[in-house]
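Notes for the structure review
The primary structure of each chain is shown beneath.
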Amino acid sequence: MPEFFQLSRAEQLDALNVAADASGRLPHLLEKDIWVVWSLRHLFTAPYAEHLVFKGGTSLSKAYGVIRRFSEDIDLTYDIRTIAGDLVGDATAPLPVSKSQGKKWSDEIYARLCDWITQKIVPGLEYELQQHQLPATVSSEGDAVFINYEALSMGTGYIPPNVQLEFGARSTGEPSERRAVRCDAAEHLPTVEFPTATPTVMLPERTFWEKATAIHVFCAKGTFRGGKGFARHWHDLARLDEAGFAQTAIADKGLARAVADHKSAFFAEKSSQGESVDYHAAVAGGLRLVPDHDALILLQADYRQMVDDGLFLDEAESFELLLDRCRVIENKANNTTSQ
């Protein structure tokens, strides 16, 4: 059975078009998905794999099949106990005890992480690409790595031809488990071998609270870091709720407090009025998942962009219906966590 990357460029494009016709997916999204899985295979067969955790929306899509949208970037946690064991010591919860210590830890961890990326991640990726003569280059910027591939197929330009690896190292990534991951095109082309991977993945319940508190910050600030594509968090919460993970996450008050502890220590934020965002209040009955005014308009525009570029694998629900579903989750979380 031929391996996808061993095919000629023309044969690869033909394969993508066949899979696109069979799946209803756009060829450029199937192509990027192949590079996502290739990247995961590389990372989680490397010597440092035991200290990595795959998390975020792409993990929900690839490892759990929870969300029905294309998720393009790979979010990763490099265990804080490995990169900064001298700072955290043997504490059960590796968190700073003050804001000043948190700033010191963050600065030191970021510097170490960038060095580790430069010395380990980038050379390893470059070596494998060269060994297999794959049409891609590697670049890095701070704690992010980009695998820039020569695209066989292009969409509208909303989805760039690169896989972004976003690294962090201020948590343990727990709770987590090993999960199998395969390419979306594989089931439609059984005569072609595609990359597979078995990464260690953050459990969906923690991802729920990570995303819910990020949305809470957006509602308080009216803006979101990272530019476009932030509407995915609302879609992901709705899918997590449908799959039953929201309910189990909401019931786990210890996990909710752990996320609030972590974000309070490392991700302090201010509201649009300059007040500190209280994560503990958010997970204890004060969660906001539906923005208002200009933030609502900004969110709706970003959601429309995602719909227009075909990022949703099924017919996308209306923006109004999505907000209604998030209101239900908000009420459920607040009525349960405040008890």
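Residues numbered from 1 in each chain as written. Predicted model: local features only at pLDDT ≥ 70, side-chain atom pairs only at ≥ 80, totals over all residues. Heavy atoms only, no water.

Moving on to the packing of helix α1 (residues 9-23) against helix α2 (residues 27-43). Taken N-terminus to C-terminus, the directions of α1 and α2 make an angle of 115°; their axes are 9 Å apart at the nearest point. For the element pair α1 / α2, the angle class is roughly perpendicular. The crossing of α1 and α2 is right-handed. Here L16, N17, A19, A20 and S23 of α1 come into contact with α2, specifically with P27, L30, E31 and I34. Classifying every residue of the contact of α1 with α2 by side-chain character gives 6 nonpolar, 2 polar and 1 charged. (Axes fitted to C-alpha atoms, helices over the stretch in contact; angles between N-to-C directions. Helix = DSSP H or I, 4+ residues; strand = E, 2+ residues; numbered from the N terminus. Parallel < 35°, antiparallel > 145°, perpendicular 65-115°, else oblique. Left-handed = near helix turned anticlockwise from the far one by under 90°. Contact = heavy atoms within 4.5 Å. Nonpolar A, V, L, I, M, F, W, Y, C, P; charged D, E, K, R; others polar.)

Tallied over the full model, the rule gives 13 aromatic pairs. Note on F4 and F194: the rings are 5.5 Å apart at their centroids and 25° apart in plane angle, and the pair reads as stacked. On the criterion of sequence distance, the pair formed by F4 in the segment before α1 and F194 in the loop between β7 (181-182) and β8 (196-197) is long-range, its members being 190 residues apart. In this structure F4 comes out as buried when scored by relative accessible area, which is 2%. Classification of F194 by relative accessible area gives buried; the value is 8%. The interplanar angle of 10° and the centroid separation of 5.4 Å between the aromatic rings of W35 and Y149 together place this pair among those described as stacked. (Phe/Tyr/Trp six-rings, centres within 6.5 Å; stacked < 30°, edge-to-face > 60°. Buried < 20%, exposed > 50% of the residue type's maximum accessible area, 1.4 Å probe, protein only.)

Enumeration over the complete set of coordinates arrives at 21 salt bridges. R25 is the partner of D184 in a salt bridge, and the nearest nitrogen-oxygen pair spans 2.8 Å. Here the residue D184 occupies a position in the loop between β7 and β8, and R25 occupies one in the loop between α1 and α2, the gap between them amounting to 159 residues. The residue R304 makes a salt bridge to D308 at a minimum N-O spacing of 3.4 Å. Residue R304 and its partner D308 are located together in helix α12 (residues 293-308), separated by 4 residues, close to a single helical turn. Classification of R304 as partly exposed rests on a relative accessible area of 46%. (Salt bridge = Lys/Arg side-chain N within 4 Å of Asp/Glu carboxyl O.)

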